[in-house]
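# Observations on the three-dimensional arrangement
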Amino acid sequence: MQRVLLSWLVVGTYISTLKSEIKRVRVVRRADGYYVQFCINVERTEESIPTGKATGIDVGLNHFYTDSNGETVPNPRYLRKSEKALKRAQKRVSRKKKGSSNRKKAINKLGRKHLKVSRQRKDFAIKTALCVVKSNDFVAYEDLQVKNMVKNHKLAKSISDAAWNQFAQWLQYFGKVYGKIVIAVAPQYTSQDCSVCGNRVKKSLSIRTHICGCGAVLDRDHNAALNILALGLKQAGITLNTVGHTEINAWGQNDLYSLVVTSTSKSTD
Ligand SMILES: [Zn+2]
């Protein structure tokens, strides 16, 4: 508790100079020490240059996400490494005798590994979401809570779920900060429907390419991302005959910009 008191003293000087309204103060215990959290009431807005771009995002196990331009962002290697280390630490705990001091030590080590992974994951989610929001005016992604209703108990899957949910939260947050439109769409049939003609092409998870009778052949996740973008635009009240990057640019940067402006002015009412 001494450490807590010390940080209270240090932080106390900051509070006296900080004019913002402090909503809540919490003391949090983590595996590597105590933290004092201050919840302050500050409105954060950042200037941003309109890009005239819209994107749809499909999250998956093969890549962290695939966008409607067919670009992919891989799952970071360092995260997989840390996750492996986490598993090893878990095993070490179970090998130690219950109640022994060695077990306590192993438990603390495991806790620190957990912290490391969750901090790395958070850092990755923040950086990736910020990049997406800054380089687009309109972002559509799948409503992951609905997607997660289909439960899968595999570790890899649950880790990804956690990362995606965090990513979605940061997308929403940065959307507000930068005045961009960020929309969550229902994930129904986004991977089955053809993004070109709209026909439903049923396929199992192992089929990685979308092949349709209309002649459309593209990566399964790219097809899903295009559907997600189309659904998002529809939800926002924008209708296009065909959906794609070039069409949106042709449709007009100014239009998309004014759309962003109206939506933000509405949200601040
Ligand atoms: Zn088709």
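Please refer to the structure higher up on the page.
Residues numbered from 1 in each chain as written. Predicted model: local features only at pLDDT ≥ 70, side-chain atom pairs only at ≥ 80, totals over all residues.

## Remarks on unusual backbone geometry
The cut-off we apply is this: Numbering of helices and strands runs from the N terminus; a helix is a DSSP stretch of H or I covering at least four residues, while a strand is a stretch of E covering at least two. Any residue whose C-beta has 12 or fewer other C-beta atoms within 10 Å is treated as exposed, any with 20 or more as buried, and any in between as partly exposed, C-beta atoms being built from the backbone.
In this structure, tyrosine 189 takes a positive phi of about 60 degrees despite not being glycine. Assignment of secondary structure puts tyrosine 189 in the loop between β7 (181–185) and β8 (209–211). Owing to 13 C-beta atoms within 10 Å, tyrosine 189 belongs among the partly exposed residues under this scheme.

## Details of the nonpolar core
The nonpolar side chains of soluble globular proteins are, as a tendency, buried together. Defined as follows: Working definition: the nonpolar core is a set of buried Ala, Val, Leu, Ile, Met, Phe, Trp, Tyr and Cys residues, joined through C-beta atoms within 7 Å. With C-beta atoms placed from the backbone, a contact is any residue pair whose C-beta atoms sit within 7 Å.
By size, the foremost hydrophobic cluster in this structure holds 34 residues, and its most contacted members are Ile57, Val139, Ala140, Leu171 and Ile228. Contributing elements (two or more residues each) for this core: β3 (54–59), α3 (101–134), β6 (138–142), α5 (155–178), β7 and α6 (220–235). Ignoring sequence-local partners within four residues, the contact set of alanine 140 consists of Gly56, Ile57, Ile183, Val185, Ile228, Leu229, Leu231 and Gly232.

## Quick look at α3
Definition in use: Expected helix span is taken as 1.5 Å per residue step, with the number of steps being one fewer than the number of residues.
Here α3 is 34 residues long and its end C-alpha atoms lie 49 Å apart, about the 50 Å a rise of 1.5 Å per residue gives. Along α3, the positions that sit buried rather than exposed are Leu110, Ala125, Thr128, Ala129, Val132 and Val133.

## Let's talk about the pairing of β3
Filter applied, for reference: A pair of strands is treated as paired once DSSP finds two or more bridges between them.
Burial within β3 is extensive, with six of its six residues counted as buried. Both faces of β3 are covered, namely the face carrying Ala54, Gly56 and Asp58 and the face carrying Thr55, Ile57 and Val59. Bridge analysis of β3 against β6 gives four bridges, and the strand direction is parallel. Bridging from a neighbouring strand, alanine 54 pairs with phenylalanine 138 of β6. Sheet topology note: the β3/strand β4 (residues 65–67) ladder contains three bridges and is antiparallel. Its bridge partner being in β4, aspartate 58 is matched across the sheet by threonine 66. Following β3, the chain reverses through five residues before pairing antiparallel with β4.

## Regarding the pairing of β7
Taking burial as the measure, the five residues of β7 include five buried ones, the bulk of the element. Covered by surrounding structure in β7 are Ile181, Ile183 and Val185 together with Val182 and Ala184, the residues of both alternating faces. Pairing geometry for β6 and β7, over five bridges, is parallel. Looking across to β7, one finds that valine 139 is bridged to valine 182.

## Remarks on the packing of helix α2 (residues 77–95) against α3
If you want to describe how two helices pack, look at the angle between their axes and the distance between the axes. Selection criterion: Helix axes use the C-alpha atoms of the stretch in contact, all axes being lines fitted to C-alpha atoms, and the angles between their N-to-C directions lie in the range 0 to 180 degrees. Any angle that is under 35 degrees is reported as roughly parallel, and any over 145 degrees as roughly antiparallel; angles of 65 to 115 degrees are reported as roughly perpendicular and all others as oblique. Crossings are classed by handedness, with left-handed meaning an anticlockwise turn of the near helix from the far one by less than a right angle and right-handed meaning a clockwise turn. Ten residue types, Ala, Val, Leu, Ile, Met, Phe, Trp, Tyr, Cys and Pro, are classed as nonpolar, four, Asp, Glu, Lys and Arg, as charged, and the remainder, Gly among them, as polar.
Between α2 and α3, the least distance of the axes is 9 Å, while the angle of their chain directions is 160 degrees. One element, α2, and the other, α3, form an angle in the roughly antiparallel class. Classified by chirality, the crossing of α3 by α2 is left-handed. From α2, Tyr78, Leu79, Ser82, Glu83, Ala85, Leu86, Ala89, Gln90, Arg92 and Val93 reach across to α3, where they touch Arg103, Ala106, Ile107, Lys109, Leu110, Lys113, His114, Lys116, Val117, Gln120, Arg121 and Phe124. Residues that form the contact of α2 with α3 fall into these classes: eleven nonpolar, four polar and seven charged.

## Overview of the environment of arginine 30
Residue position: arginine 30 is located in strand β1 (residues 22–30). Distance in space between the C-alpha atoms of arginine 30 and glycine 111 is 8.0 Å, their sequence separation being 81 residues. Each residue touching arginine 30, except ones within four places of it in the same chain, is listed here: Tyr35 and Leu115.

## Side note on α2
With 19 residues, α2 ought to run about 27 Å at 1.5 Å a step, and its terminal C-alpha atoms sit 28 Å apart, in line with that. Taking burial as the measure, the 19 residues of α2 include zero buried ones, a minor fraction of the element.

## Examining the sheet that holds β6
With mixed pairing, the five strands of this open sheet are ordered in space as β5-β4-β3-β6-β7. The two strands at the open ends of the sheet, each matched to only one other strand, are β5 (72–73) and β7. Its contacts with the sheet place α6 against β3, β4, β6 and β7, and it is angled at close to 130 degrees to β3.

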